[in-house]
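A structural walkthrough
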Amino acid sequence: MNGNGHVPVLIQEVLDYLDITRKGLYIDCTLGLGGHSLEILKRNPQASLIGFDIDEKSLLEAKKRMGLYSDRISLLHSDFRYLPDLRIDFQKVKGILLDLGLSSYQLDSPERGFSYSLEGPLDMRMDLRNKITAFKIIHKYSEYRLAQIFRDFGEIRPAKRLAREIVSRRKATRIETTTELRRIIEEIFRWRPQKGKIHPAAKVFQALRIEINQELKGLSEFLERITKKLPKKSRIAAISFHSLEDRIIKHTFLNLAAPEDYRPFLKILTKKPVIPSEDEIAFNFRSRSAKLRVAERI
Ligand SMILES: C[S@@+](CC[C@H](N)C(=O)[O-])C[C@H]1O[C@@H](n2cnc3c(N)ncnc32)[C@H](O)[C@@H]1O
């Protein structure tokens, strides 16, 4: 699997909202294959860029794709939540992008175990230095903890029953692969494919992935800390793919735009989240759940 044919989500909207014609530094917190970053560098010769990704394989792939602009980029194999602690000249920053979650590159690589429709190990780590895998969670977490994850990160209603069933099945057999887990979920939910109905494994896999990669942890604190470091007129754009993440972004932006002590740090530029057009969804079906929110430092 390589990144050829990669399609960045809401690309024109991101470029417009970040106002990428301005000279200065842009920070891509979730580089992926560099889809958005490449466009910024291509369209603005006076832009320099710092890119973060916790997935080293993605980062190496992005580095290859961005070779033409190597004199204007710094790529970091790191969690973007460390960004506020870095010693960089934040006064130069014009725009920050977060395009959260998984990339198609990760989802379509069976060996990473992110996809319930591709046979692979129960892994789901974005950062291979992480010690927790989906296999560990499925086999080692208590029934109580499993139920919590399914409820909080998958918004699955019979979360307790699902946890109970998984604990009872793991006593009898080792659940090793994505497709074994999918089949178990299908049995538990008595799944019959129906048009317009989401496969129950989608939510279970989402919940496991969020827990393994701690995707929601510290997101709000990160947005607060980075906002306070940014210069006036710089912009933050955040794309999310599920309601849990969108809620955090929305509320954090609102708190920074209208805090209780009346010292606002942000002006919200998107009253409602920007969503992909029908044309974009037809062209790139995975963009269908994307929501973009943008704010400007004041
Ligand atoms: C949706 S993809 C980004 C796609 C990218 N905008 C593009 O067009 O190529 C999200 C990327 O963010 C990375 N990522 C997720 N959480 C991260 C974190 N906390 N720190 C750094 N990178 C992260 C993932 O590994 C993945 O490669």
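Read on for an overview of the structure. (Residues numbered from 1 in each chain as written. Predicted model: local features only at pLDDT ≥ 70, side-chain atom pairs only at ≥ 80, totals over all residues. Heavy atoms only, no water.)

**Here's the deal with the overall build of the protein**
Operational definition: Secondary structure elements are defined from DSSP: runs of H or I of at least 4 residues count as helices, runs of E of at least 2 residues count as strands, and each element is numbered from the N terminus. All radius of gyration figures rest on C-alpha atoms, and the globule criterion is 2.2 Å times the number of residues raised to 0.38. When accessible area is computed with a 1.4 Å probe and restricted to protein chains, residues below 20% of their type maximum are described as buried, those above 50% as exposed, and intermediate ones as partly exposed. The protein chains shown are the only cover counted for residues, whose accessible areas, like all others here, come from Shrake-Rupley with a 1.4 Å probe. Charge counting follows a simple rule: Lys and Arg are positive, Asp and Glu are negative, and His as well as the terminal groups are ignored. Lys charges are placed at NZ, Arg charges at CZ, Asp charges at CG and Glu charges at CD.
A tally of regular secondary structure across the protein gives twelve helices and seven strands. In terms of C-alpha radius of gyration, the protein reaches 20 Å, essentially the compact-globule figure of 19 Å for 298 residues. In terms of its C-alpha atoms, the protein occupies a principal-axis envelope of roughly 60 × 45 × 40 Å. Within the protein, buried positions represent 52% of all 298 residues. When the accessible area of the protein is evaluated, it comes to approximately 15,400 Å², of which 51% is carbon and sulfur surface. Taken together, the 55 basic and 39 acidic charged side chains of the protein have centroids lying 3 Å from each other.

**Observations regarding the packing of aromatic side chains**
As a reminder, the rule being used: Put simply, two rings from Phe, Tyr or Trp (the six-membered ring, in Trp's case) pair if the centres are within 6.5 Å, and we call them stacked under 30 degrees between planes, edge-to-face over 60, tilted for the rest.
Inspection of every chain in the model, using the stated rule, returns two aromatic pairs. Between phenylalanine 80 and phenylalanine 222 the ring centres are 4.9 Å apart and the planes differ by 70°, which places this aromatic pair in the edge-to-face class. Here phenylalanine 222 lies in helix H10 (residues 219–229) and phenylalanine 80 lies in the loop between strand E3 (73–77) and strand E4 (93–99), a separation of 142 residues in the sequence. This pair shows no difference in class: phenylalanine 80 is buried, exactly as phenylalanine 222 is. Residues tyrosine 116 and phenylalanine 205 carry aromatic rings whose centres are separated by 5.9 Å and whose planes lie at 75° to one another, so their mutual orientation is edge-to-face. With tyrosine 116 in the loop between helix H4 (104–107) and helix H5 (134–140) and phenylalanine 205 in helix H9 (residues 200–213), the pair connects residues that are 89 residues apart, well separated along the chain.

**Looking at the nonpolar core**
In plain terms, the rule: Each nonpolar core is a collection of buried residues, namely Ala, Val, Leu, Ile, Met, Phe, Trp, Tyr and Cys, held together in the definition by side-chain atoms within 4.5 Å. Delimitation of the domains relies on an automatic or database domain assignment. The contact criterion used is simple: two residues touch if any of their non-hydrogen atoms lie within 4.5 Å.
In this structure, Leu146, Phe150, Ile166, Leu181 and Leu208 are the most contacted members of the largest nonpolar core, which totals 34 residues. Elements supplying a minimum of two residues to this core: H5, helix H6 (143–154), helix H7 (159–172), helix H8 (178–188) and H9. Broken down by element, the residue count for this core peaks at seven residues, all from H9. Counting contributing residues, this core receives three or more from each of domain 1 (11–101 + 216–297) and domain 2 (116–213). For leucine 146, the residues in contact, after removing those within four places along its chain, are Ile137, Ile138, Tyr141, Ala163, Ile166, Val167 and Arg170.

**Side note on the site of the ligand**
Put simply, the test is: For this description, a residue counts as near a given molecule or strand if any of its non-hydrogen atoms is within 4 Å of it. Counting of polar contacts relies on pairs of N or O atoms within 3.5 Å, with two restrictions inside protein: one atom must be capable of donating a hydrogen and the other of accepting it, and residues adjacent in sequence are counted only when both atoms are side-chain atoms.
Close to the ligand lie 24 residues, the nearest being His6, His36, Asp53, Asp99 and Gln106. In this structure, an oxygen atom belonging to the ligand sits 3.0 Å away from a main-chain N or O atom of glycine 35. Here a nitrogen atom of the ligand and a side-chain polar atom of histidine 36 are 2.9 Å apart. Bound to the protein, the ligand loses 96% of the 610 Å² it would expose on its own.

**Description of the sheet that holds strand E1 (residues 24–28)**
Spelled out, the test is: When DSSP finds at least two bridges between two strands, those strands are taken to pair. To obtain an axis, a line is fitted to C-alpha atoms, over the contacting stretch when the element is a helix, and the angle between two such axes runs from 0 to 180 degrees between their N-to-C directions.
Read across the sheet, seven strands follow the order E3-E2-E1-E4-E5-E7-E6 without closing on themselves; strand pairing throughout is mixed. Two strands in the sheet have a free side with no partner beyond their single neighbour: E3 and strand E6 (266–268). Averaged over neighbouring strand pairs, the angle between their axes works out to 15° when direction is ignored. Where strand E5 (residues 235–240) and strand E7 (residues 291–297) come together, six bridges link them in antiparallel fashion. Paired with arginine 235 across the bridge in E7 is glutamate 296. Contacts from helix H1 (residues 11–18) reach E1, E4, E5 and E7 within the one sheet, and its direction differs from that of E5 by about 160°. Packing against the sheet, helix H3 (residues 56–65) makes contact with strand E2 (47–53) and E3, and its axis sits at approximately 165° to E3.

**Regarding the pairing of E2**
The condition is simple: Crossover handedness is defined here as right-handed if the route from the first strand over the helix to the second strand goes clockwise, with the strands pointing away from the viewer.
Counting buried positions over the seven residues of E2 gives six, a clear majority of the element. In terms of strand pairing, E1 meets E2 through five bridges, oriented parallel. Pairing of leucine 25 across the sheet is with serine 48, part of E2. Of the crossover connections in this fold, the one passing from E1 over helix H2 (residues 35–43) to the parallel E2 is right-handed. One crossover worth recording links E2 to the parallel E3 by way of H3, and it is right-handed.

**Section: a positive patch on the surface**
For the record, the criterion: Nonpolar side chains (Val, Leu, Ile, Met, Phe, Trp, Tyr) are joined into patches within 5 Å and like charges within 9 Å, using only residues with over 30% relative accessible area and no salt bridge. Any Lys or Arg side-chain nitrogen found within 4 Å of a carboxyl oxygen on Asp or Glu counts as a salt bridge.
Residues Lys160, Arg161, Arg164 and Arg190 make up a contiguous surface patch of positive charge. Position of arginine 190 relative to the elements: it lies in the loop between H8 and H9.

**Some points on the packing of H8 against H9**
Note the threshold: Throughout this description, any angle smaller than 35 degrees is read as roughly parallel, any larger than 145 degrees as roughly antiparallel, any in the 65 to 115 degree range as roughly perpendicular, and the remainder as oblique. Crossing handedness follows the turn of the near helix against the far one: under a right angle anticlockwise gives a left-handed crossing, and clockwise gives a right-handed one. Classification convention: Asp, Glu, Lys, Arg as charged; Ala, Val, Leu, Ile, Met, Phe, Trp, Tyr, Cys, Pro as nonpolar; all other residues, Gly among them, as polar.
For the pair H8 and H9, interaxial distance at closest approach is 9 Å and the crossing angle is 125°. With respect to their mutual orientation, H8 and H9 come out oblique. Relative to H9, H8 is oriented so that their crossing is right-handed. Note on element contacts: H9 touches H8 through Pro200, Ala201, Val204, Phe205 and Leu208, opposite Thr178, Leu181, Arg182 and Ile185. Of the residues in the contact of H8 with H9, the class split is seven nonpolar, one polar and one charged.

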